[in-house]
Amino acid sequence: MRDILQANGIALSVSIPNVPIREKWGKGVEFMLSCIAYSVGFGNIWKFPYTALENGGGAFLIPYLVILFLIGRPIYYLEMVMGQFCSRGCVKIYDMAPIMRGVGVGQSLAMFMVMTYYTPVLAIALYYLISSFNSELPRSRCDPSWNRCIDSVSREFKDANASQNMNVSAELFFTKTVMHRAPLAQGLGIPDMDLTLCLLASWLVVAVILIKGIRSTGKCAYFLAIFPYVIILILFVHSCTLEGAGKGIRFFLTPDWKQLFEPRVWMEAVTQCFFSLSICFGGIIAYSSFNNFSNNVYRDALIISWLDTFTSIIIGCIVFGVLGNLAHVTNKENIQDVVKQGPGLTFMAYPDAIAKFEYFPQLFSVLFFLMLFIVGIGSNLGVVTSIITAIRDRCPTLENWKVASVVSVVGFSLSTIYMAPGGLDLLDVFDNYGAKYVTLTFALFELITFGWIYGVDRICRDIQFMLNIDTNKFWRICWGILTPLVVTVILIGCLVDHKPVDVPEEYNIIGWCVYVLAVIQLPLWAIYAIFSQKKTGFVNKVRSAFKPTKSWGPENYHTREAYNIYLEKIRSSSDADDCSNALKFIYRRIFK
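Fair warning: this is a prediction, and the values are worked out from it, not measured in the lab. (Residues numbered from 1 in each chain as written. Predicted model: local features only at pLDDT ≥ 70, side-chain atom pairs only at ≥ 80, totals over all residues. Heavy atoms only, no water.)

Turning to the overall build of the protein chain, a few remarks are in order. Helices and strands together make up the secondary structure of the protein chain, namely 22 helices and 2 strands. In the protein chain, buried positions account for 60% of the 592 residues. Here the contacts in the protein chain between residues at least 6 apart in sequence split such that 83% fall between residues at least 24 apart. Counting only carbon and sulfur atoms, one obtains 62% of the accessible surface of the protein chain, whose full area is about 23500 Å². (Helix = DSSP H or I, 4+ residues; strand = E, 2+ residues; numbered from the N terminus. Buried < 20%, exposed > 50% of the residue type's maximum accessible area, 1.4 Å probe, protein only. Contact = heavy atoms within 4.5 Å. Areas by Shrake-Rupley, 256 points an atom, 1.4 Å probe, with all protein chains shown as cover.)

With that settled, the discussion passes to helix 13 (residues 346-355). One turn of an α-helix holds 3.6 residues; hence residues three or four places apart share an orientation. With 10 of 10 residues buried, helix 13 is to be regarded as a mostly interior element. Looking only at helix 13, the buried set comprises Thr346, Phe347, Met348, Ala349, Tyr350, Pro351, Asp352, Ala353, Ile354 and Ala355.

Time to look at the UniProt feature "binding site: Na(+) 2" (unreviewed entry) in the protein chain. Per the UniProt entry, the sites bearing "binding site: Na(+) 2" (unreviewed entry) are Asn44 in this numbering. Checked against the element boundaries, Asn44 lands in helix 3 (residues 42-54). Side-chain polar atoms of Asn44 contact the side chain of Asp308, separated by 3.2 Å. (UniProt positions renumbered as here; feature names shortened; annotations may be inferred. Polar contact = N/O pair within 3.5 Å; in protein donor to acceptor, adjacent residues only side chain to side chain.)

Another point: the nonpolar core. Counting 187 residues, the largest nonpolar core has Met82, Tyr117 and Phe274 as the members making the most contacts within it. Sorting elements by how many residues they give to this core places helix 16 (residues 423-467) first, with 23 residues. Look past the residues within four positions of Tyr117 in its chain and what remains in contact with it is Trp46, Phe275, Tyr418, Leu427, Phe430, Asp431 and Ala435. (Core = buried A, V, L, I, M, F, W, Y, C linked by side-chain atoms within 4.5 Å.)

Two elements in contact, helix 5 (residues 101-131) and helix 16, have axes separated by 9 Å at closest approach and are oriented at 150 degrees. Between helix 5 and helix 16, the angle falls in the class roughly antiparallel. Crossing of helix 5 against helix 16: the hand is left-handed. Within the contact between the two elements, helix 5 uses Gly102, Val103, Gly106, Gln107, Ala110, Met113, Val114, Tyr117 and Val121 and helix 16 uses Leu427, Phe430, Asp431, Gly434, Ala435, Val438, Thr439, Phe442, Phe445 and Glu446. (Axes fitted to C-alpha atoms, helices over the stretch in contact; angles between N-to-C directions. Parallel < 35°, antiparallel > 145°, perpendicular 65-115°, else oblique. Left-handed = near helix turned anticlockwise from the far one by under 90°.)

Rendered as structure tokens:
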């Protein structure tokens, strides 16, 4: 589209007078790599393994793959298209239907919640990275004060009777030495100083990259997106060679068909899909908004979504291969009984696998936790960028470095709570209510806004104008019917089948308050949008609030004018699908 318009003399590089020019990615590949670093990251390496373990391994994998195909990829492509088309973040994009702006605000709140607990996981990875430089890995052997412990460095444990109900040193190192775990009934406790310093260092890295703007993020993406795969492939080969690994991998790949009828498993598949691809949080929309208008996001969406699926499966094989080996070492029949489940699984299973490396375990430990730290940086950059973009779209005169600095300081202050002994239990609460339920709820309203209020037909016209691509029936059916329907069914099933987090009741109450705080943004901003309309009469104001604002469309002034004439031509011409005739009409109307 860009080449055709430019050939006809229509300029696409001139912005509206007196409006700040939106920064763009240096190259298209930087956008794709940044999305890979953002989407293929913590959601795959940290969250996917323990979510799969908690939901039956193979019983979770099938719903996860089905949801990726029917929900994940269609939403991912849709968010990329809409973000690039209008060059707006996740809040400002609702200029397409101002009455639904609360969706973007609610998603930003969910993203803010995720920001507060993603960086603490990054800090723990940094702690492990630093400790990997010791002459012997501290989690490879049991501390004398730990009871019923097996050294992770051991490759065989022959005494079957003595091994019952015992834990490996990697698990006890995480729970006792690193986190000083304590139940929430005893209070959160005081944040650990070493972890807090690692948290500060992590936030400093994120802030330094973001202060310089989106081009700095793009340059870092070459390393952030590519390097982790080198380490992942090394760990995959090694985990497959461990004794007993086959048992764990079979558990991961073999479904329990009865559990496929459990709504909870499907809900977890949906939320994991959202976390894995990072959809319905606003990050993809924010990243796409910095694209050049005609960038081929269709290609990028397919590449990234397939790569994300591949990465999740490989990571699952690595973790469950290690768990199979741990089951063999400790003589436990049930894979789910090998280590304590939850957010800390990554810091138990991976370290145990590395401790069993016969040669250079410190080197592999450094490489692995460096990789985990790097993918964590990539994930956090996307999370924080979404928040910064939402703020700057609302207040475009604010300088990027000021917004990035304030967000980082606030994020660090709130993140310290997770560095306390009871922090990971609190993380479970906010992850469940502030991320899972909020994301699932607003995913439904986002799809309703894009597919029904704005309209699938208009989205397809936008794609035709922007990319010169005809949208096939699969995407149309998914956006308009199938994806909203599946999300609706799963959301209702989750709310009906809801089970509170296994923590004191008051913490679940706090979680519901967070959920209500996010959801209430929808009616509040709808009321604001209605009464902000200049029409007379309440009914006219409501109708106007459902329509795009006058500024809606491509960011560039000339491109938006061409787009408006393109829509006019489609409405008035019987040959609506003839793109070349429409372009000639645009050219004549503007330049002749």
